[in-house]
Amino acid sequence: MSPTTRLGNVTLPNPDKDGISSEDVPCGDAYRSARGRLQLDVMGVARRWTLRWSLLTQAERELVRGAWRMALFSATCSWLELPDGSQFQVWPRLGAWQEAQIYDTNDVPRCNLTASFDEAYYSSEGPA
């Protein structure tokens, strides 16, 4: 079975071999007290996934963009399956879609794009 990348029920082109990264992001809030002290409320840690694709055709770009937008506008989180078979419930990260159109040696337009997703955070009491 070949490795695949899926968002929801849409099979996407696989990201670049070095195009999958994640970081741990604290879930919570920070605010200043009346005395000016910084107060932190950290409920937990969730992962932020960033996927990068290079030299996509216009059809591949539209497929990835459509799946990302469908996940963005749905009322629930989506499953993200990575090529290694791991799966995560994620939300598309607002403002985290970046793309650049370039042209190959035959003047055919290609697209480099990056999209980020935040893992759905669940506390011990269930969904936040």
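As the structure is a prediction and not an experimental result, all values here were calculated from the model.

Draft legend 1. Region of interest: helix α1 (residues 58–73). Taking 1.5 Å of rise per residue, 16 residues should cover 22 Å, and α1 covers 22 Å from first to last C-alpha, within 8% of that figure. For α1, the complete set of buried residues consists of R61, V64, A67, W68 and A71. All buried residues of α1 lie within an arc of 135° about the axis, which places them on one face of the element. Facing away from the buried surface of α1 by more than 90 degrees, the exposed residues are A59 and F73. Close packing links the buried residues of α1 with β1 (5–7), β2 (10–12), β4 (38–56), β5 (78–81), β6 (87–103) and β7 (109–119).

Draft legend 2. Empty space enclosed by the protein, seen in detail. Applying the stated rule across the entire model yields one cavity of 30 Å³ or more. The space that makes up the largest cavity amounts to roughly 30 Å³. Taken together, L7, L12, W53, V64, A67, W68, A115 and F117 make up the lining of the largest cavity. For the lining of the largest cavity, the secondary-structure elements that each account for two or more residues are α1 and β7. If one sorts the elements of the lining of the largest cavity by residue count, α1 sits on top with three residues.

Draft legend 3. Quick peek at the pattern of salt bridges. By the definition in use, this model includes seven salt bridges. Put simply, D118 and R48 hold a salt bridge, and the shortest N to O gap is 2.6 Å. With D118 in strand β7 and R48 in strand β4, this residue pair connects regions lying 70 residues apart in the sequence. Judged by its relative accessible area of 23%, D118 is partly exposed. According to the relative accessible area criterion, R48 is buried, its value standing at 16%.

Analysis parameters
Per chain, residue numbering runs from 1 following the sequence as it is written. Restriction of local features to residues with pLDDT of at least 70 applies here, the model being predicted, together with a cutoff of 80 or more for giving and counting side-chain atom pairs; totals for whole chains, interfaces and linings are based on all residues. Note that the side-chain values use all heavy atoms of the structure and ignore hydrogens as well as water. Every helix listed is a DSSP run of H or I at least four residues long, and every strand listed is a run of E at least two residues long, numbered separately from the N terminus. One fewer than the residue count of a helix, multiplied by 1.5 Å, yields its expected span. We call a residue buried when its accessible area falls under 20% of the maximum for its residue type, exposed when it is over 50%, and partly exposed in between, using a 1.4 Å probe and counting protein chains only. Here the arc refers to the set of directions running from the helix axis out to each C-beta atom. It only takes one pair of heavy atoms within 4.5 Å for two residues to be counted as in contact. Buriedness for pockets is judged along seven lines, at least five of which must meet protein on both sides within 12 Å for an open set on the 1 Å grid over protein atoms alone, while cavities are sets there where a 1.4 Å probe fits but cannot get out, and lining residues have an atom within 4 Å of a point. Grid points are joined across faces, edges and corners, and a volume is the space filled by probe spheres set on the points. Think of a salt bridge as a Lys or Arg side-chain nitrogen and an Asp or Glu carboxyl oxygen that are within 4 Å of each other.

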